[in-house]
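So you can see what is in the structure, the chains are spelled out below.
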Amino acid sequence: MAEKTLKDYLSCHVCLETFKDPVSLSCSHNFCSSCLKKFWEEAKNRNCPICKRKSSKDFPHVNFTLKELADSFAETQTGESSETEKEEKREEEVCKKHPGTTPMFCRDEQRAVCSVCEFSLHQNHKVVPVEEAVGELKELLKSDLKSLQDKRNKYKQVEETYKDVVQHSEKQLLSTEKQIRAEFNKLQQFLKEEEESRLAALREEEEQKGRRISGERKRIQEQISSLSDSISAVEEELQKDNMTFLSRFKPTRDRAREQSSVSDPRLLSGTLVDEAKHLGNLAFRVWEKMGDQVHFSPVVLDPNTACPCLYLSADLTSVRWGDTDQQLPDNPERNVKYPNVFGSKGLTSGKHSWEVEVGDHPRWEVGLVKDSVDRKGETSASPEDGIWFLLHNDGEYSNGDGKTITVETSLRRIRVQLDYDGGTVSFYNAEDMTHIYTHKYTFTEKLFPYFCVGNSGDAKTSEIRICQTKNRLT
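Residues numbered from 1 in each chain as written. Predicted model: local features only at pLDDT ≥ 70, side-chain atom pairs only at ≥ 80, totals over all residues. Heavy atoms only, no water.

### What to know about the sheet that holds strand E4 (residues 111–113)
Taken in spatial order, the 3 strands of this open sheet run E4-E3-E5, and their pairing is antiparallel. If you trace the sheet from one side to the other, it starts and ends with E4 and strand E5 (127–129), each paired once. Across this sheet, the average inter-strand angle for adjacent strands is 40°, counted without regard to direction. Across the sheet, helix H4 (residues 130–237) lies against strand E3 (104–106) and E5, angled at about 95° from E5, the strand it touches most. (Pairing = 2+ DSSP bridges. Helix = DSSP H or I, 4+ residues; strand = E, 2+ residues; numbered from the N terminus. Axes fitted to C-alpha atoms, helices over the stretch in contact; angles between N-to-C directions. Contact = heavy atoms within 4.5 Å.)

### Observations regarding a nonpolar patch on the surface
A contiguous nonpolar patch, built from Ile180, Phe184 and Leu187 and spanning about 260 Å² of accessible area, is present on the exposed surface. In this structure, Leu187 sits in helix H4. (Patch = residues over 30% accessible without salt bridge, like charges linked within 9 Å, V, L, I, M, F, W, Y side chains within 5 Å. Areas by Shrake-Rupley, 256 points an atom, 1.4 Å probe, with all protein chains shown as cover. Salt bridge = Lys/Arg side-chain N within 4 Å of Asp/Glu carboxyl O.)

### Description of the side chain of Ser456
Relative to the assigned elements, Ser456 resides in the loop between strand E18 (447–453) and strand E19 (463–466). Excluding residues that lie within four positions of it along the chain, Ser456 makes contacts with His361, Pro362, Thr461 and Ser462.

### Side note on the packing of aromatic side chains
Scanning the entire structure with this criterion turns up 10 aromatic pairs. The interplanar angle of 50° and the centroid separation of 5.8 Å between the aromatic rings of Phe245 and Phe249 together place this pair among those described as tilted. Placement of both Phe245 and Phe249 in helix H5 (residues 242–260) is noted, with a separation of 4 residues, approximately one turn of the helix. Geometrically, the ring pair formed by Phe284 and Trp287 is tilted, given 5.7 Å between the ring centres and 55° between the ring planes. With Phe284 and Trp287 both in helix H7 (residues 282–290) and 3 residues apart, this pair spans about one turn of that helix. (Phe/Tyr/Trp six-rings, centres within 6.5 Å; stacked < 30°, edge-to-face > 60°.)

### Thoughts on the confidence of the model for the protein
Per-residue confidence for the protein averages 88 on the pLDDT scale, and 91% of its residues sit at or above 70. This model gives residues 87–91 a pLDDT under 50, and the stretch forms 0 contacts once residues within four places in sequence are excluded. (pLDDT = per-residue confidence, 0-100.)

### Points about the packing of H4 against H7
It is the contact of H4 with H7, at a shortest axis distance of 11 Å, that shows an interaxial angle of 125°. Compared by their axis directions, H4 and H7 come out oblique. The interaxial crossing formed by H4 with H7 has right-handed handedness. Seen from H4, the contacting residues are Leu187, Phe190, Leu191, Glu194 and Arg198; seen from H7, they are Leu282, Arg285, Val286, Lys289 and Met290. Considered class by class, the residues forming the contact of H4 with H7 number 6 nonpolar, no polar and 4 charged. (Parallel < 35°, antiparallel > 145°, perpendicular 65-115°, else oblique. Left-handed = near helix turned anticlockwise from the far one by under 90°. Nonpolar A, V, L, I, M, F, W, Y, C, P; charged D, E, K, R; others polar.)

### Focus: the environment of Gly350
As for its placement among the helices and strands, Gly350 is situated in the loop between strand E9 (340–342) and strand E10 (351–357). Judged by its relative accessible area of 24%, Gly350 is partly exposed. Those residues in contact with Gly350 that sit more than four places away from it in its chain are Leu418, Asp419, Tyr420 and Asp421. (Buried < 20%, exposed > 50% of the residue type's maximum accessible area, 1.4 Å probe, protein only.)

### With respect to the sheet that holds strand E12 (residues 387–393)
One open sheet accounts for 6 strands, arranged E9-E18-E11-E12-E13-E14; its pairing is antiparallel. At either margin of the open sheet sits one strand with a lone partner, and together these are E9 and strand E14 (404–405). Strand direction decides the pairing type here: strand E11 (residues 363–370) and E18, joined by 7 bridges, are antiparallel. Bridge pairing in E18 places Lys370 opposite Leu447.

### Describing the pairing of strand E15 (residues 413–419)
Residues of E15 alternate between two faces, with Ile414, Val416 and Leu418 buried on one and Arg413, Arg415, Gln417 and Asp419 left unburied on the opposite face. Bridge analysis of E10 against E15 gives 7 bridges, and the strand direction is antiparallel. Bridge pairing in E15 places His352 opposite Leu418. Of the pairings in the sheet, the one linking E15 to strand E16 (residues 424–429) comprises 6 bridges and is antiparallel in character. Bridge pairing in E16 places Ile414 opposite Asn429. Turn length for the E15-E16 hairpin, with the two strands adjacent in sequence and antiparallel, is 4 residues, and the turn residue Gly423 shows positive phi of about 75°.

Here is the structure:
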(Lines give C-alpha, C1' and ligand atoms only; values in the text may rest on other atoms or scores of the structure.)
Protein backbone atom coordinates (compact mmCIF):
# COMPACT_ATOMS: atom_id res chain seq x y z
CA MET A 1 0.00 0.00 0.00
CA ALA A 2 1.32 3.49 -0.93
CA GLU A 3 2.50 5.65 2.00
CA LYS A 4 0.19 8.61 2.75
CA THR A 5 1.48 12.16 2.40
CA LEU A 6 0.55 15.25 4.38
CA LYS A 7 -1.73 16.30 1.52
CA ASP A 8 -3.67 13.01 1.84
CA TYR A 9 -4.34 13.74 5.53
CA LEU A 10 -5.44 17.31 4.80
CA SER A 11 -7.77 16.50 1.86
CA CYS A 12 -11.55 16.20 1.91
CA HIS A 13 -12.84 12.77 0.86
CA VAL A 14 -15.71 14.36 -1.08
CA CYS A 15 -14.05 17.08 -3.21
CA LEU A 16 -10.51 15.63 -2.89
CA GLU A 17 -9.14 19.16 -2.34
CA THR A 18 -7.40 20.66 0.72
CA PHE A 19 -9.89 21.24 3.54
CA LYS A 20 -11.90 24.45 3.59
CA ASP A 21 -13.63 25.07 6.93
CA PRO A 22 -13.24 21.39 7.91
CA VAL A 23 -15.73 19.72 10.27
CA SER A 24 -15.32 16.44 12.17
CA LEU A 25 -18.02 13.81 12.64
CA SER A 26 -18.37 11.57 15.71
CA CYS A 27 -16.83 8.74 13.67
CA SER A 28 -13.65 10.93 13.38
CA HIS A 29 -13.92 11.42 9.61
CA ASN A 30 -13.33 14.97 8.36
CA PHE A 31 -14.90 16.91 5.45
CA CYS A 32 -15.25 20.43 4.11
CA SER A 33 -18.26 22.04 5.72
CA SER A 34 -19.88 22.86 2.34
CA CYS A 35 -19.10 19.40 0.91
CA LEU A 36 -20.73 17.59 3.82
CA LYS A 37 -23.78 19.83 3.73
CA LYS A 38 -24.26 19.27 -0.01
CA PHE A 39 -23.72 15.51 0.35
CA TRP A 40 -26.35 15.25 3.09
CA GLU A 41 -28.86 17.29 1.03
CA GLU A 42 -28.42 15.02 -1.99
CA ALA A 43 -28.39 11.78 0.02
CA LYS A 44 -31.36 12.94 2.12
CA ASN A 45 -29.80 11.42 5.25
CA ARG A 46 -27.10 12.34 7.81
CA ASN A 47 -24.77 9.39 7.35
CA CYS A 48 -20.99 9.66 7.07
CA PRO A 49 -19.97 9.64 3.36
CA ILE A 50 -17.19 7.12 4.19
CA CYS A 51 -18.37 4.70 6.89
CA LYS A 52 -22.13 5.44 6.51
CA ARG A 53 -22.45 5.81 10.30
CA LYS A 54 -25.39 7.99 11.28
CA SER A 55 -24.34 11.38 12.63
CA SER A 56 -25.90 13.47 15.40
CA LYS A 57 -28.81 15.77 14.64
CA ASP A 58 -26.79 19.03 14.94
CA PHE A 59 -24.47 20.05 12.14
CA PRO A 60 -20.83 19.78 13.43
CA HIS A 61 -18.80 22.91 14.18
CA VAL A 62 -15.66 23.86 12.29
CA ASN A 63 -12.51 22.07 13.56
CA PHE A 64 -10.27 25.16 13.90
CA THR A 65 -7.12 23.18 14.65
CA LEU A 66 -7.52 21.21 11.44
CA LYS A 67 -8.46 24.40 9.62
CA GLU A 68 -5.20 26.12 10.62
CA LEU A 69 -3.17 23.13 9.44
CA ALA A 70 -5.04 23.01 6.15
CA ASP A 71 -4.75 26.78 5.53
CA SER A 72 -1.01 26.68 6.33
CA PHE A 73 -0.51 23.77 3.95
CA ALA A 74 -2.47 25.57 1.21
CA GLU A 75 -0.25 28.69 1.57
CA THR A 76 2.86 26.51 1.27
CA GLN A 77 1.49 24.96 -1.92
CA THR A 78 0.76 28.41 -3.35
CA GLY A 79 4.34 29.49 -2.64
CA GLU A 80 5.75 26.41 -4.36
CA SER A 81 3.56 27.13 -7.39
CA SER A 82 4.95 30.67 -7.59
CA GLU A 83 8.51 29.34 -7.51
CA THR A 84 7.63 26.88 -10.26
CA GLU A 85 6.27 29.70 -12.39
CA LYS A 86 9.48 31.69 -11.87
CA GLU A 87 11.54 28.66 -12.86
CA GLU A 88 9.45 28.20 -16.01
CA LYS A 89 9.91 31.85 -16.86
CA ARG A 90 13.71 31.47 -16.47
CA GLU A 91 13.54 28.50 -18.83
CA GLU A 92 11.91 30.75 -21.41
CA GLU A 93 15.13 32.77 -21.65
CA VAL A 94 16.82 32.03 -24.99
CA CYS A 95 20.38 32.38 -23.69
CA LYS A 96 21.49 31.89 -20.10
CA LYS A 97 24.69 33.91 -20.80
CA HIS A 98 22.76 36.94 -21.99
CA PRO A 99 19.40 36.77 -20.18
CA GLY A 100 18.54 40.43 -20.68
CA THR A 101 19.30 40.57 -24.41
CA THR A 102 16.40 40.86 -26.85
CA PRO A 103 16.39 37.65 -28.91
CA MET A 104 15.93 37.40 -32.70
CA PHE A 105 14.00 34.80 -34.75
CA CYS A 106 15.66 32.74 -37.48
CA ARG A 107 13.13 31.92 -40.18
CA ASP A 108 15.42 29.29 -41.75
CA GLU A 109 15.65 27.27 -38.54
CA GLN A 110 12.28 28.40 -37.22
CA ARG A 111 13.58 29.21 -33.72
CA ALA A 112 14.56 32.11 -31.46
CA VAL A 113 18.34 32.84 -31.25
CA CYS A 114 20.51 35.02 -29.04
CA SER A 115 21.36 38.27 -30.84
CA VAL A 116 24.83 38.35 -29.18
CA CYS A 117 26.42 34.92 -29.16
CA GLU A 118 24.52 33.34 -32.09
CA PHE A 119 24.19 36.27 -34.47
CA SER A 120 27.33 35.39 -36.45
CA LEU A 121 26.02 31.85 -37.01
CA HIS A 122 22.89 33.18 -38.75
CA GLN A 123 24.35 35.91 -40.99
CA ASN A 124 23.18 34.09 -44.14
CA HIS A 125 19.79 33.28 -42.66
CA LYS A 126 16.65 35.32 -42.65
CA VAL A 127 16.62 36.78 -39.15
CA VAL A 128 13.88 39.11 -37.94
CA PRO A 129 12.83 40.56 -34.57
CA VAL A 130 10.89 38.15 -32.40
CA GLU A 131 7.87 40.48 -32.30
CA GLU A 132 7.67 40.49 -36.10
CA ALA A 133 8.04 36.70 -36.28
CA VAL A 134 5.47 36.19 -33.55
CA GLY A 135 3.02 38.46 -35.42
CA GLU A 136 3.51 36.52 -38.65
CA LEU A 137 3.31 33.14 -36.95
CA LYS A 138 0.20 34.15 -35.05
CA GLU A 139 -1.45 35.10 -38.34
CA LEU A 140 -0.55 31.68 -39.73
CA LEU A 141 -1.87 30.01 -36.61
CA LYS A 142 -5.04 32.12 -36.81
CA SER A 143 -5.50 30.84 -40.35
CA ASP A 144 -5.08 27.28 -39.11
CA LEU A 145 -7.45 28.08 -36.26
CA LYS A 146 -10.00 29.36 -38.79
CA SER A 147 -9.63 26.11 -40.77
CA LEU A 148 -10.13 24.09 -37.59
CA GLN A 149 -13.19 26.13 -36.67
CA ASP A 150 -14.62 25.73 -40.17
CA LYS A 151 -13.96 22.01 -40.04
CA ARG A 152 -15.62 21.80 -36.62
CA ASN A 153 -18.63 23.74 -37.94
CA LYS A 154 -18.94 21.28 -40.81
CA TYR A 155 -18.89 18.37 -38.38
CA LYS A 156 -21.43 20.16 -36.19
CA GLN A 157 -23.62 20.72 -39.24
CA VAL A 158 -23.45 17.03 -40.14
CA GLU A 159 -24.18 16.11 -36.53
CA GLU A 160 -27.24 18.39 -36.58
CA THR A 161 -28.35 16.78 -39.82
CA TYR A 162 -27.99 13.36 -38.23
CA LYS A 163 -30.18 14.55 -35.36
CA ASP A 164 -32.78 15.66 -37.91
CA VAL A 165 -32.41 12.32 -39.72
CA VAL A 166 -33.01 10.38 -36.49
CA GLN A 167 -36.08 12.46 -35.61
CA HIS A 168 -37.49 12.18 -39.13
CA SER A 169 -36.70 8.47 -39.25
CA GLU A 170 -38.75 7.97 -36.07
CA LYS A 171 -41.65 9.81 -37.69
CA GLN A 172 -41.23 7.70 -40.83
CA LEU A 173 -41.29 4.55 -38.71
CA LEU A 174 -44.59 5.47 -37.08
CA SER A 175 -46.19 6.71 -40.31
CA THR A 176 -45.02 3.76 -42.40
CA GLU A 177 -46.00 1.28 -39.72
CA LYS A 178 -49.48 2.85 -39.59
CA GLN A 179 -49.87 2.62 -43.37
CA ILE A 180 -48.62 -0.98 -43.47
CA ARG A 181 -51.17 -1.92 -40.82
CA ALA A 182 -53.90 -0.12 -42.75
CA GLU A 183 -53.02 -1.96 -45.97
CA PHE A 184 -52.95 -5.32 -44.24
CA ASN A 185 -56.22 -4.52 -42.46
CA LYS A 186 -57.79 -3.92 -45.88
CA LEU A 187 -56.40 -7.20 -47.16
CA GLN A 188 -57.46 -9.03 -44.03
CA GLN A 189 -60.95 -7.52 -44.31
CA PHE A 190 -61.14 -8.66 -47.92
CA LEU A 191 -59.99 -12.17 -46.95
CA LYS A 192 -62.43 -12.26 -44.04
CA GLU A 193 -65.33 -11.25 -46.25
CA GLU A 194 -64.23 -13.73 -48.91
CA GLU A 195 -63.99 -16.46 -46.29
CA GLU A 196 -67.51 -15.73 -45.02
CA SER A 197 -68.83 -15.64 -48.59
CA ARG A 198 -67.33 -19.02 -49.46
CA LEU A 199 -68.47 -20.59 -46.18
CA ALA A 200 -71.97 -19.27 -46.85
CA ALA A 201 -71.90 -20.81 -50.35
CA LEU A 202 -70.77 -24.10 -48.82
CA ARG A 203 -73.59 -24.05 -46.27
CA GLU A 204 -76.15 -23.08 -48.94
CA GLU A 205 -75.12 -26.04 -51.12
CA GLU A 206 -75.29 -28.42 -48.16
CA GLU A 207 -78.77 -27.14 -47.24
CA GLN A 208 -80.06 -27.45 -50.84
CA LYS A 209 -78.79 -31.01 -51.16
CA GLY A 210 -80.10 -31.80 -47.70
CA ARG A 211 -83.58 -30.65 -48.74
CA ARG A 212 -83.35 -32.75 -51.91
CA ILE A 213 -82.31 -35.86 -49.97
CA SER A 214 -85.01 -35.21 -47.36
CA GLY A 215 -87.71 -35.10 -50.06
CA GLU A 216 -86.42 -38.26 -51.68
CA ARG A 217 -86.25 -40.09 -48.35
CA LYS A 218 -89.84 -39.08 -47.58
CA ARG A 219 -90.98 -40.59 -50.90
CA ILE A 220 -88.94 -43.75 -50.17
CA GLN A 221 -90.45 -44.03 -46.69
CA GLU A 222 -93.97 -43.67 -48.14
CA GLN A 223 -93.20 -46.44 -50.64
CA ILE A 224 -91.81 -48.66 -47.89
CA SER A 225 -95.01 -48.10 -45.89
CA SER A 226 -97.15 -49.00 -48.90
CA LEU A 227 -95.13 -52.14 -49.62
CA SER A 228 -95.31 -53.13 -45.96
CA ASP A 229 -99.11 -52.85 -46.10
CA SER A 230 -99.20 -55.06 -49.23
CA ILE A 231 -96.92 -57.63 -47.64
CA SER A 232 -99.13 -57.76 -44.53
CA ALA A 233 -102.23 -58.20 -46.71
CA VAL A 234 -100.68 -61.07 -48.68
CA GLU A 235 -99.45 -62.78 -45.51
CA GLU A 236 -102.95 -62.44 -44.04
CA GLU A 237 -104.59 -63.98 -47.13
CA LEU A 238 -102.20 -66.92 -46.95
CA GLN A 239 -103.66 -67.74 -43.54
CA LYS A 240 -107.30 -67.81 -44.75
CA ASP A 241 -109.32 -70.99 -45.22
CA ASN A 242 -109.41 -72.52 -48.68
CA MET A 243 -112.70 -71.15 -49.91
CA THR A 244 -112.00 -67.64 -48.66
CA PHE A 245 -108.47 -67.74 -50.10
CA LEU A 246 -109.81 -68.82 -53.50
CA SER A 247 -112.45 -66.12 -53.56
CA ARG A 248 -109.99 -63.34 -52.82
CA PHE A 249 -106.90 -64.68 -54.64
CA LYS A 250 -107.22 -62.70 -57.88
CA PRO A 251 -107.64 -59.17 -56.40
CA THR A 252 -104.99 -59.90 -53.79
CA ARG A 253 -102.52 -61.02 -56.44
CA ASP A 254 -103.34 -58.04 -58.71
CA ARG A 255 -102.57 -55.60 -55.88
CA ALA A 256 -99.33 -57.44 -55.05
CA ARG A 257 -98.20 -57.41 -58.70
CA GLU A 258 -99.07 -53.73 -59.00
CA GLN A 259 -96.85 -52.95 -56.01
CA SER A 260 -94.09 -55.22 -57.35
CA SER A 261 -94.13 -53.45 -60.70
CA VAL A 262 -93.07 -50.16 -59.11
CA SER A 263 -89.55 -49.26 -60.28
CA ASP A 264 -86.70 -50.05 -57.95
CA PRO A 265 -85.38 -47.16 -55.87
CA ARG A 266 -82.21 -45.46 -57.12
CA LEU A 267 -79.85 -43.20 -55.20
CA LEU A 268 -79.75 -39.64 -56.47
CA SER A 269 -76.39 -38.48 -57.83
CA GLY A 270 -74.80 -35.21 -56.72
CA THR A 271 -76.10 -35.40 -53.19
CA LEU A 272 -72.69 -35.05 -51.56
CA VAL A 273 -70.99 -31.67 -50.99
CA ASP A 274 -68.89 -30.69 -54.01
CA GLU A 275 -65.57 -30.36 -52.16
CA ALA A 276 -63.66 -29.90 -55.39
CA LYS A 277 -65.73 -26.84 -56.23
CA HIS A 278 -65.07 -25.24 -52.85
CA LEU A 279 -61.47 -26.35 -52.24
CA GLY A 280 -60.00 -26.77 -55.70
CA ASN A 281 -57.40 -24.03 -56.38
CA LEU A 282 -58.96 -22.06 -53.52
CA ALA A 283 -55.92 -19.93 -52.78
CA PHE A 284 -55.41 -19.18 -56.48
CA ARG A 285 -59.04 -18.23 -57.05
CA VAL A 286 -58.96 -15.91 -54.02
CA TRP A 287 -55.65 -14.46 -55.25
CA GLU A 288 -57.16 -14.00 -58.70
CA LYS A 289 -60.16 -12.21 -57.24
CA MET A 290 -57.86 -10.08 -55.14
CA GLY A 291 -56.30 -8.87 -58.37
CA ASP A 292 -59.52 -6.95 -59.05
CA GLN A 293 -59.04 -5.12 -55.74
CA VAL A 294 -55.29 -4.44 -55.97
CA HIS A 295 -53.52 -1.92 -58.20
CA PHE A 296 -49.90 -1.92 -59.31
CA SER A 297 -47.76 1.15 -59.90
CA PRO A 298 -44.81 0.69 -62.30
CA VAL A 299 -43.04 3.59 -60.57
CA VAL A 300 -43.07 4.42 -56.86
CA LEU A 301 -41.82 7.83 -55.71
CA ASP A 302 -38.98 7.99 -53.20
CA PRO A 303 -39.91 10.46 -50.40
CA ASN A 304 -36.27 10.62 -49.28
CA THR A 305 -35.44 12.42 -52.57
CA ALA A 306 -38.37 14.87 -52.47
CA CYS A 307 -37.70 18.59 -52.16
CA PRO A 308 -39.25 19.94 -48.92
CA CYS A 309 -41.78 21.96 -50.95
CA LEU A 310 -43.26 18.79 -52.49
CA TYR A 311 -46.00 16.69 -50.88
CA LEU A 312 -46.40 13.02 -51.80
CA SER A 313 -49.53 10.90 -51.52
CA ALA A 314 -49.70 8.08 -48.95
CA ASP A 315 -49.29 5.44 -51.68
CA LEU A 316 -46.28 7.34 -53.13
CA THR A 317 -47.78 7.59 -56.63
CA SER A 318 -48.62 11.31 -56.85
CA VAL A 319 -46.90 14.58 -56.00
CA ARG A 320 -47.98 18.22 -55.65
CA TRP A 321 -46.44 21.57 -54.84
CA GLY A 322 -47.08 22.85 -51.29
CA ASP A 323 -47.34 26.42 -50.06
CA THR A 324 -44.96 25.77 -47.15
CA ASP A 325 -41.76 23.75 -46.93
CA GLN A 326 -41.79 20.65 -44.75
CA GLN A 327 -39.22 20.13 -41.99
CA LEU A 328 -37.14 17.40 -43.61
CA PRO A 329 -33.52 16.37 -43.01
CA ASP A 330 -30.97 17.38 -45.62
CA ASN A 331 -29.89 13.80 -46.33
CA PRO A 332 -27.58 13.18 -49.33
CA GLU A 333 -30.42 11.82 -51.51
CA ARG A 334 -32.72 14.81 -51.05
CA ASN A 335 -33.23 17.50 -53.72
CA VAL A 336 -33.15 20.91 -52.07
CA LYS A 337 -32.57 23.45 -54.83
CA TYR A 338 -35.41 22.55 -57.20
CA PRO A 339 -38.89 21.00 -56.72
CA ASN A 340 -37.79 17.53 -57.83
CA VAL A 341 -38.55 14.01 -56.70
CA PHE A 342 -37.16 10.76 -58.13
CA GLY A 343 -38.51 7.26 -58.48
CA SER A 344 -37.45 4.71 -55.89
CA LYS A 345 -36.00 2.12 -58.25
CA GLY A 346 -32.91 2.72 -60.38
CA LEU A 347 -32.72 1.35 -63.93
CA THR A 348 -29.52 0.00 -65.46
CA SER A 349 -30.70 -2.09 -68.44
CA GLY A 350 -33.69 -3.22 -70.47
CA LYS A 351 -36.89 -1.53 -71.61
CA HIS A 352 -39.26 0.22 -69.20
CA SER A 353 -42.36 2.37 -69.52
CA TRP A 354 -44.90 4.17 -67.34
CA GLU A 355 -47.65 6.74 -67.76
CA VAL A 356 -48.15 9.99 -65.88
CA GLU A 357 -51.50 11.79 -65.50
CA VAL A 358 -50.80 15.55 -65.75
CA GLY A 359 -54.32 16.83 -66.50
CA ASP A 360 -54.33 20.62 -66.90
CA HIS A 361 -51.43 21.19 -64.47
CA PRO A 362 -49.54 24.21 -65.86
CA ARG A 363 -45.92 23.46 -64.78
CA TRP A 364 -44.24 20.06 -64.80
CA GLU A 365 -41.33 18.01 -66.06
CA VAL A 366 -41.31 14.22 -66.47
CA GLY A 367 -38.51 11.95 -67.66
CA LEU A 368 -35.33 10.34 -66.33
CA VAL A 369 -32.29 11.52 -64.38
CA LYS A 370 -28.87 10.00 -63.76
CA ASP A 371 -27.91 8.95 -60.25
CA SER A 372 -24.95 11.34 -59.97
CA VAL A 373 -26.91 14.53 -60.74
CA ASP A 374 -26.24 17.42 -58.35
CA ARG A 375 -29.16 17.48 -55.91
CA LYS A 376 -27.99 20.43 -53.77
CA GLY A 377 -26.59 23.19 -55.98
CA GLU A 378 -27.27 25.09 -59.17
CA THR A 379 -27.73 22.92 -62.24
CA SER A 380 -29.41 23.29 -65.61
CA ALA A 381 -32.16 20.81 -66.29
CA SER A 382 -30.80 19.40 -69.53
CA PRO A 383 -29.31 16.22 -71.02
CA GLU A 384 -25.87 17.78 -70.52
CA ASP A 385 -26.43 17.62 -66.75
CA GLY A 386 -27.96 14.16 -66.95
CA ILE A 387 -31.72 14.90 -67.14
CA TRP A 388 -33.80 13.73 -70.12
CA PHE A 389 -37.34 15.03 -69.89
CA LEU A 390 -40.40 16.64 -71.42
CA LEU A 391 -41.28 20.07 -70.03
CA HIS A 392 -44.59 21.92 -69.89
CA ASN A 393 -44.81 25.56 -68.81
CA ASP A 394 -48.09 27.46 -69.14
CA GLY A 395 -49.17 25.84 -72.41
CA GLU A 396 -45.74 25.53 -74.02
CA TYR A 397 -43.81 22.28 -74.39
CA SER A 398 -40.06 21.77 -74.83
CA ASN A 399 -37.60 18.86 -74.80
CA GLY A 400 -35.37 20.20 -72.03
CA ASP A 401 -32.65 20.90 -74.58
CA GLY A 402 -33.92 24.30 -75.68
CA LYS A 403 -36.17 22.99 -78.46
CA THR A 404 -39.87 23.88 -78.50
CA ILE A 405 -42.23 21.01 -79.27
CA THR A 406 -45.54 21.48 -81.05
CA VAL A 407 -48.47 19.23 -80.19
CA GLU A 408 -51.92 19.08 -81.77
CA THR A 409 -53.80 18.90 -78.46
CA SER A 410 -52.87 19.65 -74.89
CA LEU A 411 -51.23 16.66 -73.25
CA ARG A 412 -53.13 15.24 -70.29
CA ARG A 413 -51.45 11.85 -69.99
CA ILE A 414 -47.81 11.17 -70.88
CA ARG A 415 -46.18 7.83 -71.62
CA VAL A 416 -42.44 7.67 -70.82
CA GLN A 417 -40.54 4.87 -72.52
CA LEU A 418 -36.89 4.00 -71.80
CA ASP A 419 -34.72 1.70 -73.88
CA TYR A 420 -31.57 1.75 -71.76
CA ASP A 421 -29.48 -0.52 -73.97
CA GLY A 422 -30.75 1.19 -77.12
CA GLY A 423 -29.96 4.61 -75.65
CA THR A 424 -33.37 6.28 -76.08
CA VAL A 425 -35.94 8.03 -73.90
CA SER A 426 -39.22 8.56 -75.76
CA PHE A 427 -42.41 10.42 -74.89
CA TYR A 428 -45.91 9.71 -76.22
CA ASN A 429 -49.41 11.10 -75.83
CA ALA A 430 -50.80 8.13 -73.87
CA GLU A 431 -54.36 8.85 -75.01
CA ASP A 432 -53.65 8.01 -78.65
CA MET A 433 -49.94 6.93 -78.50
CA THR A 434 -48.89 9.82 -80.72
CA HIS A 435 -45.08 10.19 -80.62
CA ILE A 436 -43.92 13.48 -79.08
CA TYR A 437 -40.12 13.38 -78.85
CA THR A 438 -37.16 11.02 -78.38
CA HIS A 439 -33.86 11.77 -76.61
CA LYS A 440 -30.84 9.76 -77.77
CA TYR A 441 -27.90 9.14 -75.46
CA THR A 442 -25.44 6.44 -74.47
CA PHE A 443 -26.32 5.72 -70.86
CA THR A 444 -23.52 4.62 -68.55
CA GLU A 445 -24.98 4.86 -65.05
CA LYS A 446 -28.13 4.17 -63.09
CA LEU A 447 -31.21 6.18 -64.12
CA PHE A 448 -34.21 7.13 -62.00
CA PRO A 449 -37.70 8.29 -63.06
CA TYR A 450 -37.72 12.08 -62.73
CA PHE A 451 -40.51 14.48 -61.79
CA CYS A 452 -40.47 18.25 -61.28
CA VAL A 453 -43.69 19.97 -60.17
CA GLY A 454 -44.46 23.67 -59.97
CA ASN A 455 -47.31 25.67 -58.49
CA SER A 456 -50.64 24.55 -59.99
CA GLY A 457 -52.24 27.96 -59.54
CA ASP A 458 -55.94 27.93 -60.50
CA ALA A 459 -55.75 24.68 -62.48
CA LYS A 460 -58.18 21.85 -61.65
CA THR A 461 -55.27 19.41 -61.50
CA SER A 462 -53.13 20.16 -58.45
CA GLU A 463 -50.94 17.06 -58.64
CA ILE A 464 -49.36 14.80 -61.21
CA ARG A 465 -49.94 11.09 -60.74
CA ILE A 466 -48.27 7.92 -61.93
CA CYS A 467 -50.97 5.79 -63.55
CA GLN A 468 -51.65 2.43 -61.95
CA THR A 469 -52.64 -0.85 -63.55
CA LYS A 470 -55.10 -3.53 -62.40
CA ASN A 471 -54.82 -7.30 -62.31
CA ARG A 472 -51.06 -7.20 -61.97
CA LEU A 473 -51.38 -10.42 -59.89
CA THR A 474 -52.57 -12.39 -62.90
